[in-house]
Amino acid sequence: MRFLPVLFLLISVGLPLFPADGSYLIPQRVFVGDRGQLVFPLGGAFAGVPETLIDSPEFLPRLPDLVIFRVELENRGGAPRLLIDFTAYTPGVIELPPIEIASFVFTDLRVEIGSILAGEDDPMVLSGPASFLPAPGTTILIYGTVMGFILLILGVIAGMIWGVPGLRRFLEKTRRRWLIGSMKRILWQLQDLQAKRGSAGDGEIVARLSAEFRTFLCLVTGINCRVLVPREFLSLSIPGAGADRGAADSGALSGEFLRDFFSRCDTLRFSGMAIGAGDVRCLLDGAAIFIKALEGAGRNRPAGGKGL
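Bear in mind that the values here come from a model prediction, so they are computed numbers and not experimental data.

K.L.:
I'd love a proper account of the overall build of the chain, names of residues and values included.
P.N.:
A count of helical and extended segments in the chain gives five helices and eleven strands. Buried positions account for 34% of the 308 residues belonging to the chain. For the chain, contacts bridging at least 24 residues in sequence account for 58% of all contacts bridging at least 6. Element-wise, carbon and sulfur atoms account for 61% of the exposed surface of the chain, whose accessible area totals about 19200 Å².

Structural data, given as structure tokens:
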């Protein structure tokens, strides 16, 4: 009651008891369900008011969509202010109920509550959900389909320009170059393996050379050369064997050459005798001569020739 004369004096001289604005929220943006605090600075008339705290639920007002946890009248450093801790459960502007503390009643207090479901025009809220991620492998499937479609179009155009026979010859040449290039790389790998491992890897090199060379001949001739014994290579027809070749390569594309080559491989592998480094180099050189002769035969093959 001792503050009543002061209040009457302030009202009589026309000084504002409470400031019209200046309140703020902590945090600056409060969302639905979050706990926030309304800070309401008071005028100089409250400089002598003692600090008061109310945190008992029975003494605090309550709304259906807003719960007030504590109300404090703070006076620190000559700057009195009203502190209201609350949680709101609905977005928008909410008007607080009258707050009574230390014989004072505060009215017309409002807080603005944000919603995490607000639109993108509100930069303070969470962004919308991210777009769906594509299923694993979708990118490869899409690019593969596009590339296949492009190749199909190019094939149709090439067929229209060169005709079906010309396109077939082009594809055969391309396949020949790819097979020969692959076998060359295998021979280089085996040569590097011999240089690194020495005599310890001679048996493995001979076995792998025999298997890879037979597989190569399968692709070149269209005959299953993996099951042939050396003498059966005599009847094997090598594409391009009738083309003109240099003297150094004469006879390399013959069945006799292949018979002798695989006879030497089988003898070294199954005789039980030690395999010398010279024997391995001789076999690698022989396979390289065959590949070189086949590559040269492809260049000299007549335009109307068949096979690789």
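Picking up after the structure, the text goes on.
K.L.:
Can you tell me about the pattern of salt bridges, naming the residues and giving the values?
P.N.:
One pass over the structure, following the stated rule, counts seven salt bridges. Put simply, Glu 72 and Arg 70 hold a salt bridge, and the shortest N to O gap is 3.1 Å. Take Glu 72: its relative accessible area is 14%, and that puts it in the buried class. In this structure, Glu 295 engages Lys 184 in a salt bridge whose closest nitrogen and oxygen atoms are separated by 2.9 Å. Note that Glu 295 is positioned in helix α5 (residues 277–300) and Lys 184 in helix α2 (residues 138–197), a separation of 111 residues in sequence. By relative accessible area, which is 23% here, Glu 295 ends up partly exposed. Residue Lys 184 is classed as partly exposed on the basis of its relative accessible area, which comes to 26%. In this structure, a network of salt bridges that share partners links the residues Arg 70, Glu 72 and Asp 85.

K.L.:
Tell me about the sheet that holds strand β8 (residues 92–95), and name the residues and values.
P.N.:
Spatially, three strands are ordered β2-β11-β8 in an open sheet, and the strand pairing comes out mixed. Each edge of the sheet is formed by a strand with only one pairing partner; in this case those strands are β2 (30–31) and β8. Bridge count between β2 and strand β11 (residues 110–114): two bridges; the pairing is parallel. Of the residues in β11, the one forming a bridge with Val 30 is Ile 113.

Rules of the game
Residues numbered from 1 in each chain as written. Predicted model: local features only at pLDDT ≥ 70, side-chain atom pairs only at ≥ 80, totals over all residues. Heavy atoms only, no water. Helix = DSSP H or I, 4+ residues; strand = E, 2+ residues; numbered from the N terminus. Buried < 20%, exposed > 50% of the residue type's maximum accessible area, 1.4 Å probe, protein only. Contact = heavy atoms within 4.5 Å. Areas by Shrake-Rupley, 256 points an atom, 1.4 Å probe, with all protein chains shown as cover. Salt bridge = Lys/Arg side-chain N within 4 Å of Asp/Glu carboxyl O. Pairing = 2+ DSSP bridges.

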